Amino acid sequence: MFSATVKSMYSKFTMAEKKIADYLLVNRGELEDVTSYELAERLGIGQSTVIRFSKKMGYRMFGELIEDVKHAKGSVATEIESDDAPHEILMKLGEQYCGFIDAVVKSNTGDNFIDAAHCINAASTVVCFGYLNSHLLAQYLADSLVELGIQAICENDYVQTKRRIQLLDPTHDVVVVISKSGEKSEPLGIADYALSLGVHIVSISDAAGNALSRKSNINLKILENNNRSSPSPAMGTFAGVLLAIDALTMCVFQIDRKRYQKSYGESLVAAFSVRR
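A brief report on the enclosed structure follows. Quick caveat: nothing in here was measured; it's all calculated off a predicted structure.

Helix and strand counts for the chain stand at 14 helices and 5 strands. By the burial criterion, 46% of the 276 residues in the chain qualify as buried. A sequence separation of at least 24 residues applies to 69% of the contacts in the chain between residues at least 6 apart. In the form shown here, the chain has an accessible surface area of approximately 13600 Å², with 56% of it arising from carbon and sulfur atoms.

Structural data, given as structure tokens:
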């Protein structure tokens, strides 16, 4: 997780945080049993800054950060070069994807997923929204919930999505907004509209913190990579979002397995019948 997360979040770090990240990347082989106090002393910064950096990176405890750093692979090793053969691209993408997926696992607690799942379980209608390629992810979430027998809607149109939200019952319905950066105007507009109507908002967005997460009742964290020099970072982010969506769907399923197992089985039978 460490190398991929640093690469993704580096531009959002403060000067002190960049100092910590640079030191850990360069000296990863000399960190045996180092404490947050000792690291702060080496860098001439406050211990609280080191602890905040650890939490910002998605670690619950400083010791987890150090263990991850010691076993982190260098970002250069996973960079795809112009002369890489297909099997090398496959291997490097696999390592990149593992970094994005690991970041989702370590940046979230079970509590935020189960809280989001309970909101969806209690809702009569769930409206899912994503802009541009995030619309595909929102549609995937809506389809996954429909397979469980939940009324979930995903509109491609911004205005039509607002109309759907206007019909929701704010006492129990929910809007799920997916935005990898959490800063685009369209997802923020949907969140603002839901807020104005008192509708509960669950968001899936960048772990570094963003405007969408601050507008949300519950935020599920993924790792966004701003590097657009090649398609692979964006694909890796997709992998992390898909994990978050599948984990959320499974948490909903866990709330009432008997009910959802029946609905899921019936939806598969219906889909098979249509195909035939």
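Another point: the sheet that holds strand β1 (residues 126–130). As summarised here, the arrangement of the 5 strands in space is β2-β1-β3-β4-β5, forming an open sheet in which the pairing is parallel. The strands lining the two open edges of the sheet, one partner per strand, are β2 (152–154) and β5 (218–222). Geometrically, the sheet is characterised by an average inter-axis angle of 20 degrees between neighbouring strands, direction not taken into account. The pairing of β1 with strand β3 (residues 174–178) spans 5 bridges and is parallel.

The next thing to look at is the pattern of salt bridges. Side-chain pairs of opposite charge can arise whenever the charged atoms involved come near each other. Taken as a whole and judged by the stated rule, the model has 3 salt bridges. For E17, the salt bridge identified is with K56, shortest N-O distance 3.0 Å. Of this pair, E17 sits in helix α2 (residues 15–26) while K56 sits in helix α4 (residues 47–56); the two residues are 39 residues apart in sequence, bridging distant segments of the chain. When its relative accessible area of 8% is taken as the criterion, E17 is described as buried. Overall, K56 belongs to the partly exposed group, its relative accessible area being 24%. When the shortest N-O distance is used, the salt bridge between D192 and K215 registers 2.8 Å. Remark: K215 occurs in helix α12 (residues 211–215) and D192 occurs in helix α11 (residues 185–196); sequence separation between them is 23 residues. By relative accessible area, K215 is classed as partly exposed at 24%.

What follows covers the nonpolar core. In this structure, I120, V126, C128, I150, I204 and L248 are the most contacted members of the largest nonpolar core, which totals 33 residues. Counting residues per element, the ones that place at least two in this core are α8 (110–122), β1, α9 (134–147), β2, β3, β4 (200–206), β5 and α13 (232–255). In this structure, M9, Y23, F100 and A208 belong to the second largest nonpolar core, which totals 26 residues.

Evaluated as defined, the whole model comprises 2 aromatic pairs. Look at F129 and Y158: their rings are 6.3 Å apart centre to centre, the planes differ by 70 degrees, and that puts the pair in the edge-to-face class. Pair noted here: F129 is in strand β1 and Y158 is in helix α10 (residues 158–166), with a separation of 29 residues, a long-range link. Judged by relative accessible area, which is 1%, F129 ranks as buried. Take Y158: its relative accessible area is 27%, and that puts it in the partly exposed class.

Further remarks concern α9. Between its first and last C-alpha, α9 extends 20 Å over 14 residues, near the 20 Å set by a 1.5 Å rise per residue. Within α9, the full set of buried residues consists of S134, H135, L137, A138, L141, A142, S144 and L145. Looking at the residues trailing α9, positive phi occurs at G149, about 90 degrees.

Turning our eyes to something else, we now look at unusual backbone geometry. At L132, a residue that is not glycine, the phi angle is positive and equals roughly 55 degrees. Tracing the sequence through the fold places L132 in the loop between β1 and α9.

Within the element layout of this structure, Y59 appears in the loop between α4 and α5 (62–70). Note on Y59: relative accessible area 2%, which makes it buried. It is 9.9 Å that separates the C-alpha atoms of Y59 and F2, two residues lying 57 residues apart in sequence. A polar contact of 2.5 Å, which involves the side chain of Y59, links it to the side chain of D68.

What counts as what
Residues numbered from 1 in each chain as written. Predicted model: local features only at pLDDT ≥ 70, side-chain atom pairs only at ≥ 80, totals over all residues. Heavy atoms only, no water. Helix = DSSP H or I, 4+ residues; strand = E, 2+ residues; numbered from the N terminus. Buried < 20%, exposed > 50% of the residue type's maximum accessible area, 1.4 Å probe, protein only. Contact = heavy atoms within 4.5 Å. Areas by Shrake-Rupley, 256 points an atom, 1.4 Å probe, with all protein chains shown as cover. Pairing = 2+ DSSP bridges. Axes fitted to C-alpha atoms, helices over the stretch in contact; angles between N-to-C directions. Salt bridge = Lys/Arg side-chain N within 4 Å of Asp/Glu carboxyl O. Core = buried A, V, L, I, M, F, W, Y, C linked by side-chain atoms within 4.5 Å. Phe/Tyr/Trp six-rings, centres within 6.5 Å; stacked < 30°, edge-to-face > 60°. Expected span 1.5 Å × (residues − 1). Polar contact = N/O pair within 3.5 Å; in protein donor to acceptor, adjacent residues only side chain to side chain.

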